[in-house]
Every structure is written in structure tokens, then in C-alpha cells.
Amino acid sequence: MTQQPGTKEKKNPLEIIVCFKHVIDETELRIDRANNKINFEGAKTKISDDDKNAIEEAVRIKEKNGGIITVVCVGPADAKKSTKEALAMGCDRARLIVDPSFQDGDALSTAYILSQVVKKIGKFDLILTSTGTTDSYTGIVGPALAEYLDLPQLTYASKITISGNKLTVDRALDDGIETVECEIPALVTVSREINQPRFPTLIQIMSAGKKELLEWNAQTLGINPSVVGKADSKVEVKSLSVPKSARKKVIFEGKPEDAAKQLAEALLKEGAVK
Amino acid sequence: MAGVLVYSDSSDSALELVTLGSKLGREVSVVVLGSEDLSDQTKKVSVNGVSTVYQISSDALSNLLAGPTVDALESVYSRVSPDYMFFSSTKKGKELAPRLAARLKIGCITDAMKPELNENGITAERLVLGGNAIATVASRGPAVATIPLRAFERASGNASPNVIKIEDFQPRPTRTIVLGRKEKQKGQVNIKDAEIIVSAGRGFKKKEDLAILEELAKVLNAVVGASRPLTSDLGWLPEDRQVGLSGTTVKPKLYIAVGISGQIQHLTGMRESKLVVAINTDKNAPIFQECDYGIVGDLYAIIPELTKDLKLQLGR
């Protein structure tokens, strides 16, 4: 259960939980257009880009307000590498959640698992997630996790300020910036523009190995495998294909002035410029 | 046969969702929410294909914060029991749909392209892996989905749907308040509706160099967009100029990508453009797979030439 506002002793350090996903590096994927296939073999992995902003923000909040950061990842066993990177960035302890029954679940299932992880961690003031992960970009986990924990959700944060029990967030919305305030505990999803993630120093990388990293599974969390993962997913991925392009692909090379002239003529002919 | 329920934070986008509902052959109900009189909003969505408009007016909905809004949508949903509920893929839509789905214990598909009904649920395509792949996804049963903007025409016509006012709405207590709002300045660039966009990418070496692109934009009456590194990482242009998966999806008549390699994250945001032009030094850049016309070369040499030629030809 979540804490009620006011029950937190003011002197207690701020407890921050930040969630990230260990994903395939989409920028290094090899695409086999001829066979309409994506080659996953030997694909590199990473902390999802936007999740790095969430981790960075957690560290910045801690640097300003003090506190303890627990970083959480639900993923495959090799997510340990990314989890250590998060520790090197400045998180204090990690919970890596690995269980075969958690595989291939939809995003709502992941959010449910995370909600159980948060409950097991127990005390927290602030949960940070990204707005979406670079692999599937569903944007579901943050709001769904807030729902499962019955927390206020402050989404698309471009600025976060904490003062005592008061949390103030600038939200970068479609039509402008909205500033909202609430009492902690709350869940905040961060926008990419909120910060520039740091590169850990060698010393930080070395010392990350000494930080607490616990691996939890369905049993540790008391989760019945039939209510998570593929077994319970309400949305399934049926197939993956390579997007096809029907573009003309007329390429001009040669001297800049000649190529520019050819392009200008093509644009006029197309009626694309007036 | 249960129908579909649609909600959008903009009436215009709601009309696109009505078109989708009608296309799927379903009865369409629209939710309108706010804290004041909702007759204007109701009138806007009283178009062909809409059978019922559900109104909830409550002080709790004055800022349409996620908490009370989801409470309101839940109360309409439980009354209507639709098979599907559609949101626009606006930032608000994408924060509401997952929370509502989690509460209702039904599926959620965000940014659903080409949504169709199957035997049990919705099938749709989603761009994944930064847009390198299209995933075909299907819900097992009822679901909520967010639909990219401008994927469907706006429904039109003057119709007289049933209007049902929900009077007994009780939002859960909320601890969140809005302190202020800074609207985007008037006259500020709106890349979403631009007819011609010239976009800058990492090929630009410094912020000042964007001046040559602004010159070209001026000649074309175009607006200047950018790829994610230039807005999010370097901050050379405001975030609202970002074209891409995490920025704005655009659909201009002409899109000119300058010094943009074509990370799929970017391509995803502009692939619906009518005509695409790419200028890049790297002939293997993915953007050349997605363009109609391309120049392999140095943008610093090409852009001034192109500006000069077009200026001459267009008499500006």
C-alpha cells in the first residue's frame, strides 16, 4: 500500500524509485529489406534512451534534496549490465526483476509487475518513469503503474521541484506548459527535454559493482504466473514486418549548384512550391 | 452489438474518431467533458454518425487532469459498456488511455495505425523499434486505443444525437492542483499544420548555421522543424519544433530534411508527408530510402544554392 501524505517524517530521506527498460538498441538493428525481416542476432542492448532521462532526473533530485534511489528493471537476465549502468549513474540500489513467466507480456502486465515490486520495496515518495521506451513506445507503463498504486500521475515533466512534501512539476503539453502541484507520494513521467543524462566516470562504474543489486522473481514478489506475462496479456504482438517505402528516390549527385538546380526544377514540376 | 465510445481533448480530433467508429460499422457515442456549459462542444460533435453525446460538467474537470478525467470516462464507460473506446494520440489522450485501461482491466493500444476489428478485438499496426519495424498487434477482447491525429477525415453534417447529461458524477478525491499555464505564444510556429516544412538535423554544425535554413524557409513560406537531437539534446530549437515519434507527427505537402540521417524515430513523424526531399552527405543515410528527391552532398554548399534558385524561380 502507498503511504498517506503526512505520515512521512520530514527528516527521513526522500525515497525515490526509478523504473527503466533494458531494450534492443534500435539504431544498430540490421534490417533485411529483401526478406522483410529484422535481424535480431547479436543486436546490441541499452537502457532505453528516455528512461536514462528518468534515471538522471532521480539523481539530480537526490543531489539537491538528498535521498535514496532504488532503480527497478523488469527484464531478461542480461539486463544486469544496464542495471549496473544505472547504479553507476548514481542510483543507490537496484532490483532486477527476472522471471520466465514475465516474458512477452503486454505493457499493462509490466506495469502490474512493477506495482508489486513497488509494494515490496514499501516506502517511497516519488516514482519516476519515462514517457515511453525506445523499443515499443507505448507510453502505457507510467500511467498504468500510477493507476495500480492509486497515485497521482504528473506526466510529461520538463521540470521537477520538491520542497518538503510538496511536488511541483512543469508539464510539457501539446499547447503549452502546465504547472501542477501535489503532495508526495506521486508518479512522474519525464519528457526527454528535462535533462541531459550524464556519462558515469570510471570510478563510478567501478563502485557500482559494490552497490546492492537484488534479483527478484515471481516467487519473491508473490505473483501468480497466470496473471502476468503472455498468459494474461490483453494485447498480443502477432507479427513484425519491415515498413515499405513507395517513394521515388530520385537522387541528384555532383556539383552542389547543379544538384540544387535539378532539385529546384523537380520541386517546381511537382507543384510542391508556389 | 455494442458500439464505440470516443473522447478527445479537442473537438476537431473527436470528429476524426467518429469517422473511424462509423468506418468500423459501429454506433458511435462521444464524451464531452468540462467544468462549464458544454453545449458548444456538444454542438461541434453533433455530426453524422454520432448516436449519443454524453456530457459531464464538473468543477473537478476544469483542468482535465488525468485523475478526475479518468474517473469521468470510467463512469461513462460503465454506463455504455462499449466494445472499444478511442482517444486521439494527443499527449492528453496518451496519458488517459493507459490509466483507464488499467482500471477497466482491458487492453490498450497506443498510436494504433489502420485499426480494424477482428473476431475478438481490435487489430492495428504500430511502429516499433524506433520505427524500424511495424508490429501487428491485436487485443483479446474490448480495448481502448489512441489514434494518430489526422489519420481519418473529420466527420461532418448536422445531426441531432441523443444528449445525455450525467449528473451524479463523483470524482475520487484528488491531491493535484494546477498552479498555472503558459500557453504557446500566439504566432508561434505550429509545425503540425504547416504545408511546407524544412527540418534541420545533426548535419548542422552550430546553432548560428540554421540561418541558412531559415532563409530557405522564408523563400518557401515554410516553417523550420528539427530532429530530436537538435531540440532535446542540443536545445537549438524549441521542443515544439521536433518532428518525430517523441515530438510532433506532421503531414505537410512538402518536407525537406536537411542534414537529417533518418533515424526511424524521425521518419515516423514525417512519413505521411506528400513529397519528401533529403539533403545529406552520407549516401547510405536511411533518409534516402524514404525520400522522393535527394541530394547527396554538403548542405552548407547546397542550401544557399537551392535558396537562390527557388528565389529566382518563384520571383521572391
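Residues numbered from 1 in each chain as written. Chains lettered and ligands numbered in written order. Predicted model: local features only at pLDDT ≥ 70, side-chain atom pairs only at ≥ 80, totals over all residues. Heavy atoms only, no water.

## Details of the overall build of chain B
Then step 1. Each helix and strand in chain B was counted, giving eight helices and 16 strands.
Then step 2. Relative to the compact-globule value of 20 Å for 316 residues, chain B shows a C-alpha radius of gyration of 22 Å, a close match.
Then step 3. When its C-alpha atoms are laid out on the principal axes, chain B stretches across 65 × 45 × 40 Å.
Then step 4. Classification of the 316 residues of chain B by burial places 59% in the buried group.
Then step 5. The contacts of chain B with a sequence gap of at least 6 include a subset with a gap of at least 24, amounting to 60%.
Then step 6. Total accessible area on chain B is roughly 13100 Å²; 46% of this is exposed by carbon and sulfur atoms.
Then step 7. Positive and negative side-chain charges of chain B, numbering 39 and 36 respectively, have mean locations separated by a distance of 2 Å. (Helix = DSSP H or I, 4+ residues; strand = E, 2+ residues; numbered from the N terminus. Rg over C-alpha atoms; globule rule 2.2 N^0.38 Å. Buried < 20%, exposed > 50% of the residue type's maximum accessible area, 1.4 Å probe, protein only. Contact = heavy atoms within 4.5 Å. Areas by Shrake-Rupley, 256 points an atom, 1.4 Å probe, with all protein chains shown as cover. Lys, Arg positive; Asp, Glu negative; His and termini not counted. Charge placed at Lys NZ, Arg CZ, Asp CG, Glu CD.)

## Quick notes on the pairing of strand β16 (residues 293–296) of chain B
Then step 1. Burial along β16 of chain B is two-sided: the residues Y293 and I295 of chain B and G294 and V296 of chain B are all buried.
Then step 2. As paired elements, strand β15 (residues 250–252) of chain A and β16 of chain B share three bridges and run parallel to each other. Bridging across to β16 of chain B, I251 of chain A finds its partner in G294 of chain B. (Pairing = 2+ DSSP bridges.)

## With respect to the packing of helix α3 (residues 66–80) of chain B against helix α4 (residues 91–104) of chain B
Residue and element names in this part refer to chain B.
Then step 1. Two elements in contact, α3 and α4, have axes whose closest approach is 10 Å; the angle formed by their N-to-C orientations is 55°. As judged from the angle between their axes, α3 and α4 are oblique. Taken as a pair, α3 and α4 cross one another with a handedness that is right-handed. Contacts between α3 and α4 involve A66, T69, V70, D71, L73, E74 and Y77 from the first element and E95, L96, R99, L100, R103 and L104 from the second. (Axes fitted to C-alpha atoms, helices over the stretch in contact; angles between N-to-C directions. Parallel < 35°, antiparallel > 145°, perpendicular 65-115°, else oblique. Left-handed = near helix turned anticlockwise from the far one by under 90°.)

## Some details on unusual backbone geometry
Residues and elements named next belong to chain A.
Then step 1. The linkage connecting I184 with the following residue, P185, adopts the cis geometry, with an omega of 10°.
Then step 2. Assignment of secondary structure puts P185 in the loop between β11 (176–183) and β12 (186–190).
Then step 3. Backbone geometry places D104, a non-glycine residue, at a positive phi of 60°.
Then step 4. Here D104 shows up in the loop between β7 (93–97) and α3 (107–121).

## Quick notes on the sheet that holds β7 of chain A
Then step 1. With mixed pairing, 10 strands are arranged side by side in an open sheet as β13(A)-β7(A)-β6(A)-β1(A)-β8(A)-β12(A)-β9(A)-β10(A)-β11(A)-β11(B). Whereas interior strands pair on both sides, the edge strands pair on one side only; in this sheet they are β13 (212–216) of chain A together with β11 (177–183) of chain B. Taking the axes of each pair of neighbouring strands and ignoring which way they run, one obtains an average angle of 25° across the sheet.
Then step 2. As defined by bridge partners, β7 of chain A adjoins β13 of chain A across five bridges and the pair is classed as parallel.

## Things to note about α3 of chain B
Then step 1. Compared with the 21 Å implied by 1.5 Å per residue over 15 residues, the 21 Å span of α3 of chain B between its first and last C-alpha is a close match.
Then step 2. Those residues of α3 of chain B that fall on the buried side of the exposure criterion are A66, P68, T69, V70, D71, A72, L73, V76 and Y77 of chain B.
Then step 3. Packed against the buried residues of α3 of chain B are β9 (153–163) of chain A together with β1 (4–7), β2 (28–34), β3 (50–57), β4 (84–88) and α4 of chain B.
Then step 4. Downstream of α3 of chain B by a residue or two, S81 of chain B has a phi angle that is positive, lying close to 45°. (Expected span 1.5 Å × (residues − 1).)

## Some remarks on a negative patch on the surface
Then step 1. On the surface, a cluster of negative charge is made up of D174 and D175 of chain A together with D9 and E183 of chain B.
Then step 2. With respect to the element layout, D9 of chain B can be found in the loop between β1 and α1 (11–23). (Patch = residues over 30% accessible without salt bridge, like charges linked within 9 Å, V, L, I, M, F, W, Y side chains within 5 Å. Salt bridge = Lys/Arg side-chain N within 4 Å of Asp/Glu carboxyl O.)

## Considering the environment of A194 of chain B
Residue and element names in this part refer to chain B.
Then step 1. Position of A194 relative to the elements: it lies in the loop between β11 and β12 (196–200).
Then step 2. Residues A194 and G225 lie 31 residues apart in sequence; the distance between their C-alpha atoms is 10.0 Å.
Then step 3. If sequence neighbours within four positions are ignored, A194 has contacts with V223 and P252.

## Regarding the domain arrangement of chain B
All names here are of chain B.
Then step 1. If you check the domain split of chain B, you get domain 1 (4–165) and domain 2 (191–314).
Then step 2. In this structure, domain 1 and domain 2 have C-alpha centres spaced 33 Å apart.
Then step 3. Taken together, the contact pairs six residues of domain 1 with eight residues of domain 2.
Then step 4. For the pair domain 1 and domain 2, the summed buried surface comes to about 670 Å²; carbon and sulfur atoms form 51% of the total.
Then step 5. By the criterion of area lost to domain 2, the three top residues of domain 1 are L127, G130 and R150, representing 69% of everything that side buries.
Then step 6. Counting the contacts that link domain 1 with domain 2 gives zero salt bridges. (Domains from an automatic or database assignment. Buried area = accessible area lost by both parts, 1.4 Å probe.)

## Comments concerning the interface of chain A and chain B
Then step 1. Counting residues at the interface gives 85 residues for chain A and 85 residues for chain B.
Then step 2. The tally of links from chain A across to chain B stands at 10 salt bridges.
Then step 3. A salt bridge links R171 of chain A to E95 of chain B, with the nearest nitrogen and oxygen atoms 2.9 Å apart.
Then step 4. For the interface between chain A and chain B, the tally reads 46 residue pairs in polar contact (both at pLDDT 80 or more).
Then step 5. When residues of the side of chain A that touches chain B are assigned to their parent elements, the largest contribution, 12 residues, is made by helix α8 (residues 256–270) of chain A. (Polar contact = N/O pair within 3.5 Å; in protein donor to acceptor, adjacent residues only side chain to side chain.)

## Brief notes about the state of the cysteines
In a disulfide, the sulfur atoms of two cysteines are covalently bonded to one another.
Then step 1. Across all of its chains, the model carries zero disulfides over all chains by this definition.
Then step 2. In this structure C73 of chain A is not part of a disulfide, and its nearest cysteine sulfur, from C19 of chain A, lies 9.4 Å away.
Then step 3. Since its relative accessible area comes to 0%, C73 of chain A is described here as buried.
Then step 4. With no disulfide of its own, C108 of chain B lies closest to C19 of chain A among cysteine sulfurs, the gap being 18 Å.
Then step 5. Note on C108 of chain B: relative accessible area 6%, which makes it buried. (Disulfide = S-S within 2.5 Å.)

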